[in-house]
Amino acid sequence: MPRTLISIDNACKTYDTPEGGKVNALKDINLNINYNEFVTLLGPSGCGKTTLLKTISGFESLDSGDIKIEGKSIINTPSYKRPVNTVFQNYALFPHMSVKKNITYGLDINKSLDKAEKDKKFNYVLNLINLEGFENRMPHQLSGGQQQRVALARAIINEPKILLLDEPLSALDKKLRSNMQIELKNIQNQSGISFIFVTHDQEEALSMSDRIIVMENGSVSQEGKPEEIYYQPKNKFTADFIGETNLINGLVEEENGLIKFKNENFEFHLTKDFQQYINKKVTFSIRPEQFFTNDVPKESNPYISNFNVEVIQRLFFGPNIKIVCKIKNQIFHCLLKISDQETIKLFEKNKKISIYFDVTKIKLFE
Ligand SMILES: Nc1ncnc2c1ncn2[C@@H]1O[C@H](COP(=O)(O)OP(=O)(O)O)[C@@H](O)[C@H]1O
Ligand SMILES: [Mg+2]
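Residues numbered from 1 in each chain as written. Chains lettered and ligands numbered in written order. Predicted model: local features only at pLDDT ≥ 70, side-chain atom pairs only at ≥ 80, totals over all residues. Heavy atoms only, no water.

Q: Before we move on, can you summarise the domain arrangement of the protein chain with the specific residues and values?
A: Domain parsing of the protein chain yields domain 1 (4-237) and domain 2 (246-365). Summarising the inter-unit geometry, the C-alpha centres of domain 1 and domain 2 are found 40 Å apart. Contact residues are listed per partner, giving eight residues for domain 1 and six residues for domain 2. Both faces considered, domain 1 and domain 2 share a buried interface measuring about 630 Å² in area, 55% of it formed by carbon and sulfur atoms. When the area that domain 1 buries against domain 2 is broken down by residue, the three leading residues are Y230, P233 and K236, summing to 74%. (Domains from an automatic or database assignment. Contact = heavy atoms within 4.5 Å. Buried area = accessible area lost by both parts, 1.4 Å probe.)

Shown next as structure tokens:
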């Protein structure tokens, strides 16, 4: 059983704006974060991610609700006494101090440690961030990724129970960023510190996290393991925000005992599992990679349905091709696996093709 490290109970936060209005930045947030967990807050700009981190670190206070660490409320504990550290996007290293000075700055303030203890801690984090031999460099003599690792070491050396990371990778270019994603995950694993990582990049969240908290407009839209969030979105917002999906509006109807989805462009039969939606306006979600061409015979699975579409665009990605196609006014995006050059020809512009999907795999939202 995972053990709870932080619990956030009914957290609310409103800001007064300079224009005289109010912003509900956090609306009744309830969350638990476990020991040794990599949790990601994911959501569009302005949804309250930074505010939530700030209320945990103590840079902002809650209007109501509570935050407990190991069962004890911390909301009246000053920021510097909380077992929490933050890593920001813009590193904020001291430019005139060496790597070593930057990393040990927090320890130097703590006079109770002797030199041997300090060195031991320093060597541990230097090894963790993989920068041995760089201790005497100045920040301007480091790459962006190395600077970010120094910022990380500086935050870890005081052994916080929780590390808050506010979009720490967004200043890095794509390649460095994906290397740092792997390193960050390793550092979290090795240090055993719980990470609360903030990003608006869904791929980053999917690849790194033990658990993702999807936020929308000050509320939690959904939380779960990356694969749950991806395959079992509970609402339109999550389905649309995580990964790519086709969202199609229509109506569910019953006709001669059969349930079907229908709009002005097409219709198809649904299974009994969709009974609850009869006579309701719905949006259905199907991911591009859930479509396939005729390599699975329809007869072998009664739940396979198909659309006859016209190709309007074809994008080649190596192992996959993306097909943009349509039935009347309805556009679909499909991501199809291909294994050879001949197959590509089947999907030329203006070709009529059939795309298949498993009806039991689509998601309906009211
Ligand atoms: N100090 C502040 N004063 C007024 N409004 C703020 C302040 N900080 C943030 N906000 C507003 O609160 C909302 C949430 O902001 P924030 O937590 O920074 O979102 P995110 O980090 O997800 O982009 C936004 O609408 C933002 O404009
Ligand atoms: Mg932010």
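Q: Can you explain helix α4 (residues 144-156)? Please cite residues and give values.
A: At 3.6 residues per turn, the α-helix brings residues three or four places apart onto the same side. Across its 13 residues, α4 extends 18 Å between first and last C-alpha, which sits within 8% of the 18 Å expected from 1.5 Å per residue. Counting buried positions over the 13 residues of α4 gives twelve, a clear majority of the element. Buried residues of α4: G145, Q146, Q147, Q148, R149, V150, A151, L152, A153, R154, A155 and I156, and no others. On its buried face, α4 is in contact with β6 (84-87), α2 (99-109), α3 (115-128), β7 (162-166) and α5 (174-191). (Helix = DSSP H or I, 4+ residues; strand = E, 2+ residues; numbered from the N terminus. Expected span 1.5 Å × (residues − 1). Buried < 20%, exposed > 50% of the residue type's maximum accessible area, 1.4 Å probe, protein only.)

Q: So what about the sheet that holds strand β5 (residues 72-73)? Which residues, and what values?
A: Strand order in this open sheet of four strands is β2-β1-β4-β5, and the pairing throughout is antiparallel. Whereas interior strands pair on both sides, the edge strands pair on one side only; in this sheet they are β2 (22-34) and β5. Relative to β5, strand β4 (residues 64-69) runs antiparallel, the two sharing two bridges. Residue pairing for β5: I69 is matched across the bridge by K72. Along the sheet, helix α1 (residues 49-57) makes contact with β1 (4-16), β2 and β4, crossing β2 at roughly 65 degrees. (Pairing = 2+ DSSP bridges. Axes fitted to C-alpha atoms, helices over the stretch in contact; angles between N-to-C directions.)

Q: Outline the site of ligand 1, listing residues and values.
A: Within the structure, ligand 1 sits among Y15, D16, V23, A25, P44, S45, G46, C47, G48, K49, T50 and T51. Here an oxygen atom of ligand 1 and a side-chain polar atom of T51 are 2.5 Å apart. Protein burial of ligand 1: of its 560 Å² of free accessible surface, 65% is covered by the chains. Where the shell around ligand 1 is concerned, the elements lending two or more residues are β1, β2 and α1. Broken down by element, the residue count for the shell around ligand 1 peaks at three residues, all from α1. For the shell around ligand 1, a count of residues per class yields five nonpolar, five polar and two charged. (Near = heavy atom within 4 Å. Polar contact = N/O pair within 3.5 Å; in protein donor to acceptor, adjacent residues only side chain to side chain. Areas by Shrake-Rupley, 256 points an atom, 1.4 Å probe, with all protein chains shown as cover. Nonpolar A, V, L, I, M, F, W, Y, C, P; charged D, E, K, R; others polar.)

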